[in-house]
Amino acid sequence: MSESDFRDGPGGHPDQNALLTGRAVFTEAYAVIPRDVMRDIVTSNLPHWQNTRAWIVARPMSGFSETFAQYVMEVAPGGGSSRPEPDPQGEAVLFVLSGALDLVIDDNKAGIARGDYAFVGPGVRWSVFNSPDSDHPARFVWIRKRYQPVHGISTPESFVLNEAEVVPEEMNDSGGAWLTTLFVDPDDIRHDMHVNIVTFEPGGTIPFMETHVMEHGIYVLEGKAAYRLNRDWVELEQGDFVWLRAFCPQACYAGGPGRFRYLLYKDVNRHPELGIASQ
């Protein structure tokens, strides 16, 4: 994944001669928010963030995301926030797409750049800024979840890793065509969400209609593929976002010509709530 993959980023605006057709889909079971609808006019400004704009691609609401919110953030030089998270129980994953940022977690400062993954534990103080001396905006995916504490189980600590530091695991005897980069031990019950990177080499597949209780958010990092969502096949490419409701059947065929990679959110390691949670 080269820096040039993200040089255009989201944003911009089509001219009046552009076709009105597109790939955006919103259904009862899934939604596809392609990169070409993440335009300047749909950005959000956020409290206590400076020189920053956000594309909010998922938020808890009836009939859509139930467990998480997800943003694509663009921070101009000198921008950022010393009070980014408004929810005192909020936890976060930041994954840097391009540029560089200064991240401080509980007074521990780290410079993060493309490919860096930061987990911010629930209720932890943090801040993030793009240096005023930078020549470019920094872009990152921000996933937020309200942590579900469990009596007798400690909360997970914060950490920063680069994806290159984690050896991907082969999935399903795929011969290396389907890999998952795990930033958290799946058996670590303290974590109530996993955010992984899934990689398919050309010809790789999810070879069955995967159907499960976990909700998904998918942000495509690289390449293109055909993805099965409930009853439909859709084409996805770098910069697209997909939300899948719990139990939405899914499969994937990555025909190439290059790798297909995405950042995957799922809720894990907790009992389902009994009854309908209030929104």
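Everything numeric in this text was worked out from a predicted model, so none of it was measured. (Residues numbered from 1 in each chain as written. Predicted model: local features only at pLDDT ≥ 70, side-chain atom pairs only at ≥ 80, totals over all residues. Heavy atoms only, no water.)

Caption draft 1: Region of interest: the side chain of Asp116. With respect to the element layout, Asp116 can be found in strand β8 (residues 116-120). Despite being buried, Asp116 has no salt bridge partner; Arg114 is the closest side chain of opposite charge, sitting 9.5 Å away. With sequence-adjacent residues up to four places away left out, Asp116 is seen in contact with Leu94, Phe95, Val96, Gly111, Leu161 and Asn162. (Helix = DSSP H or I, 4+ residues; strand = E, 2+ residues; numbered from the N terminus. Buried < 20%, exposed > 50% of the residue type's maximum accessible area, 1.4 Å probe, protein only. Lys, Arg positive; Asp, Glu negative; His and termini not counted. Salt bridge = Lys/Arg side-chain N within 4 Å of Asp/Glu carboxyl O. Contact = heavy atoms within 4.5 Å.)

Caption draft 2: View of the sheet that holds strand β15 (residues 205-210). The four strands are arranged β15-β20-β17-β18 in an open sheet whose pairing can be described as antiparallel. Bordering the open sheet on either side are β15 and β18 (232-237), each of which pairs with just one other strand. Put simply, the sheet's adjacent strands are angled 25° from each other on average, direction ignored. As paired elements, strand β17 (residues 224-229) and β18 share six bridges and run antiparallel to each other. Residue pairing in the sheet places Leu229 in a bridge with Asp232 of β18. (Pairing = 2+ DSSP bridges. Axes fitted to C-alpha atoms, helices over the stretch in contact; angles between N-to-C directions.)

Caption draft 3: Here's a closer look at the pattern of salt bridges. Taken as a whole and judged by the stated rule, the model has 16 salt bridges. The partner of Arg125 in a salt bridge is Asp107, and the shortest N-O contact between them spans 3.4 Å. Of this pair, Arg125 sits in the loop between β8 and β9 (126-129) while Asp107 sits in the loop between β6 (100-105) and β7 (108-113), placing them 18 residues apart in sequence. Accessibility expressed as a relative area gives 52% for Arg125, which makes it exposed. The class of Asp107 is exposed, set by a relative accessible area of 61%. Salt-bridge contacts for Glu222 lead to Arg259; the nearest nitrogen and oxygen are separated by 3.2 Å. With Glu222 in strand β16 (residues 216-222) and Arg259 in the loop between β20 (250-253) and β21 (260-267), this pair connects stretches of sequence that are 37 residues apart.

Caption draft 4: Just the nonpolar core, in detail. Grouped together as the largest cluster of nonpolar side chains are 26 residues, with contacts concentrated most on Ile143, Val195, Tyr219, Phe241 and Leu263. The contacts of Leu263, once residues within four sequence positions are left out, are Phe95, Val141, Ile143, Val195, Asn196, Ile197, Gly217, Ile218, Tyr219 and Leu221. In this structure, Tyr30, Val234, Leu244 and Tyr262 belong to the second largest nonpolar core, which totals 22 residues. (Core = buried A, V, L, I, M, F, W, Y, C linked by side-chain atoms within 4.5 Å.)

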